[in-house]
Amino acid sequence: MAGADKRTRTADRALRERARAVIPGGMYGHQAAGSLPPEYPQFMRGGRGATVWDVDGNSYVDLMCSYGPVVLGHQHPAVEAAVAAQAELGDCQNGPAPVMIDLAELLVATVQHADWAMFAKNGTDATTMCCTIARAQTGRRRILVARGAYHGAAPWCTPRLDGTTAADRANLGYFRYNDLPSVHAAAAEAGDDLAGILASPFRHDASCDQEMVDPAFARGLRELCDATGAALILDDVRAGFRLHLGSSWEPIGVAPDLSAWSKAIANGHPLAAVLGGDAFRDGASRVFVTGSFWFSAAAMAAAVATIRALRAEDAIAAMRRYGTEIAGGILAQAAAWGFEVNYTGPVQMPYLTFRDDRGHALVSEFSAEAVRRGAFIHPRHNWFVSAAMTGEDVATVLAATDGAFAALRKHH
Ligand SMILES: Cc1ncc(COP(=O)(O)O)c(C=O)c1O
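Residues numbered from 1 in each chain as written. Predicted model: local features only at pLDDT ≥ 70, side-chain atom pairs only at ≥ 80, totals over all residues. Heavy atoms only, no water.

Enquirer: Tell me about the site of the ligand, and please be specific about residues and values.
Expert: Taken together, Asn122, Gly123, Thr124, Tyr150, His151, Gly152, His204, Asp235, Val237, Arg238 and Lys263 make up the full set of residues adjacent to the ligand. Contact between the ligand and threonine 124: an oxygen atom at 2.5 Å from a side-chain N or O atom of the residue. A distance of 3.1 Å separates an oxygen atom of the ligand from a polar side-chain atom of lysine 263. Here the ligand, which alone exposes 390 Å², has 88% of that area covered by the protein. For the shell around the ligand, the class distribution of residues is two nonpolar, six polar and three charged. (Near = heavy atom within 4 Å. Polar contact = N/O pair within 3.5 Å; in protein donor to acceptor, adjacent residues only side chain to side chain. Areas by Shrake-Rupley, 256 points an atom, 1.4 Å probe, with all protein chains shown as cover. Nonpolar A, V, L, I, M, F, W, Y, C, P; charged D, E, K, R; others polar.)

Enquirer: How would you summarise the pattern of salt bridges if you had to cite specific residues and measurements?
Expert: Taken as a whole and assessed by the stated rule, the structure comprises 14 salt bridges. Notably, a salt bridge pairs arginine 222 with aspartate 226, separated by 2.9 Å at the nearest N-O pair. Here arginine 222 and its partner aspartate 226 are both found in helix α6 (residues 215–228), four residues apart, which amounts to about one turn of the helix. The class of arginine 222 is buried, set by a relative accessible area of 15%. In this structure aspartate 226 comes out as exposed when scored by relative accessible area, which is 54%. The residue arginine 222 makes a salt bridge to aspartate 257 at a minimum N-O spacing of 3.0 Å. Taken together, the positions of arginine 222 in helix α6 and aspartate 257 in the loop between β8 (231–235) and β9 (258–261) put the pair 35 residues apart, joining distant regions of the chain. (Salt bridge = Lys/Arg side-chain N within 4 Å of Asp/Glu carboxyl O. Helix = DSSP H or I, 4+ residues; strand = E, 2+ residues; numbered from the N terminus. Buried < 20%, exposed > 50% of the residue type's maximum accessible area, 1.4 Å probe, protein only.)

None of this, on its own, says anything about what the molecule does.
Shown next, in the form of structure tokens:
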């Protein structure tokens, strides 16, 4: 691995320069490195297991996992073999391949609340479809969401309002995550127009300390939906198959009516899914939802191989184990260097903040120092641990974070 001071950015700088001329803003969306410290590369060359390389050849232990899609590690052999075999037969065709049914059957067998599955490409497709199905089934309009939660980048849910209209959000109501009275107030306001309640499995809003779900809150949502006939929709796009091999609320015993999936279900291949129970099957069969690439077979083959490998490799337990080691190491380092930190969320998807850190200045500096030392973390987004990590990777991460704390101590 290149040392902190040996890292170069020549190729990355040249690509950024070319991008500025032909890509609006040079890059857009959640992977735009422009708002990150200069230590972050924008363009990546590739990855294998838990290691990624930027275009200048610098290597990192990957704690972002492509912002969630990679769960078994980059270029997982069984997943890539399944993709190659399907691609050789056909990918984008006049109709779906049989693997679509294999995948739907596997998901229905794997996720307790699911009686059926539909497929799309991105998480936003899946959350939007869940809302459409809830409305089609109930004949009502209003969907309740937690204020500040991220459910995608369509006009009804994008966090930036540029280019959207008030009408795009006219049928949303808002509550505070883990605050049942605020949900009841929003439901009362919706009255007999309540179509659904959309929630993530835990609070993972960008730049904020994460908050685990209060099981009583999740049960309260279920009871409210049972009482009103509204759909309980779980947005498992980010957490799905990282916390549990099933819906993320199975361990607390709360079954949604509909759930949205994407990111990790095909280990980096483009796929999203909506899973639902029989009570919403009719609405799901009536909505018209589709896309030119939604039925491509290779990503579905990737998902079948991913779900099988998650089980065969006991991947959730591996992520929890490595996540626990990283959490313990970082918390001990913070204490040893005299920093007060919050390390929040599940250990497989942690996020670090510094106490009283105005404008995220300290965590930005910390993350930049960690990146310089070969641990790819993020200052304003939760991190992701993959099942491909090794003890050596954990040691590299902890050496990098220890060096980052030491560098911070010099300046603060
Ligand atoms: C919880 C959640 N829902 C929905 C989405 C949207 O997914 P996509 O970016 O694939 O459209 C994301 C993406 O980060 C997400 O984290």
